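# Commentary on secondary and tertiary structure
Read off the chains here:
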Amino acid sequence: MHTAKIDLTLTPTGRHLAFSKEMLEVAHIFRRVGGESGPWQRVAVNARSPYHDQDVFAPGTQLEYYVQHESQQGEREARSHLVGTTIQ
């Protein structure tokens, strides 16, 4: 399994996630709220890059993301490193 690329950019309306994706790969985006104690939740299925997360959170909330790539048959092919931010 190789590592997928992911970049997080903060915008006035949310978080902009840009990630690598091969033509036939399926990309799912996962988010964790509140640091290591929070559960991972899939927030986008078969996402396209860039993905814009516009969910609103209270100041001080810690957010982390990763992208999981799968084949058309549902086999895991790659996973990105974690990217994160704290809401201002």
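It should be emphasised that the depicted structure is a prediction, and the values quoted were computed from it without experimental measurement. (Residues numbered from 1 in each chain as written. Predicted model: local features only at pLDDT ≥ 70, side-chain atom pairs only at ≥ 80, totals over all residues. Heavy atoms only, no water.)

## Structural notes on the overall build of the chain
Going by this rule: Runs of H or I in DSSP of at least four residues are treated as helices and runs of E of at least two as strands, each being numbered from the N terminus. For this measure, only C-alpha atoms enter the radius of gyration; the expected value for a globule follows 2.2 Å times N^0.38, where N is the number of residues. For every residue, the accessible area (1.4 Å probe, protein chains only) is compared with the maximum for its type, and the residue is labelled buried under 20%, exposed over 50%, or partly exposed between those bounds. Throughout, a residue-residue contact means that at least one pair of heavy atoms, one from each residue, lies within 4.5 Å.
The number of helices and strands found in the chain is 0 helices and 9 strands. Traced from its N-terminal end to its C-terminal end, the chain shows the element sequence β-β-β-β-β-β-β-β-β. Against the compact-globule benchmark of 12 Å for 88 residues, the chain has a radius of gyration of 13 Å, which places it among compact chains. Once the C-alpha set of the chain is aligned to its principal axes, its extents read approximately 40 × 25 × 20 Å. Across the 88 residues of the chain, 40% fall into the buried class. Intrachain contacts of the chain at a sequence separation of at least 6 include 60% that bridge at least 24 residues.

## Comments concerning the environment of L63
Within the secondary structure layout, L63 lies in strand 7 (residues 62-70). Relative accessible area serves as the criterion here: at 0%, L63 is assigned to the buried category. Spatially, the C-alpha atoms of L63 and H16 are 13 Å apart, while their sequence positions differ by 47 residues. If sequence neighbours within four positions are ignored, L63 has contacts with R15, R31, R32, V33, F57, V83, G84, T85 and I87.

## Here's the deal with the sheet that holds strand 3 (residues 14-19)
We apply this condition: The criterion for strand pairing is that DSSP finds at least two bridges linking the strands in question. Fitting a line to C-alpha atoms yields each axis, with helices limited to the stretch in contact; the angle taken between N-to-C directions then spans 0 to 180 degrees.
Read from one edge of the open sheet, 3 strands run 2-3-6, paired in antiparallel fashion. The open sheet has two free edges, formed respectively by strand 2 (6-11) and strand 6 (51-53), since each of these has just one partner strand. The sheet shows a mean angle of 25° between the axes of neighbouring strands, taken without regard to direction. Relative to strand 3, strand 2 runs antiparallel, the two sharing 6 bridges.

## Comments concerning the pattern of salt bridges
Operational definition: Any carboxyl oxygen of Asp or Glu that lies within 4 Å of a side-chain nitrogen of Lys or Arg is treated as forming a salt bridge with it.
Throughout the structure, instances matching the rule amount to 5 salt bridges. A salt bridge links D55 to R31, with the shortest nitrogen-to-oxygen separation between them at 2.9 Å. On the criterion of sequence distance, the pair formed by D55 in the loop between strand 6 and strand 7 and R31 in strand 4 (residues 26-33) is long-range, its members being 24 residues apart. You can call D55 partly exposed: its relative accessible area is 41%. The salt bridge partner of R32 is E64, with a shortest N-O separation of 2.7 Å. A residue pair is termed long-range when its members are at least 10 positions apart, and R32 in strand 4 and E64 in strand 7 qualify at 32 residues.

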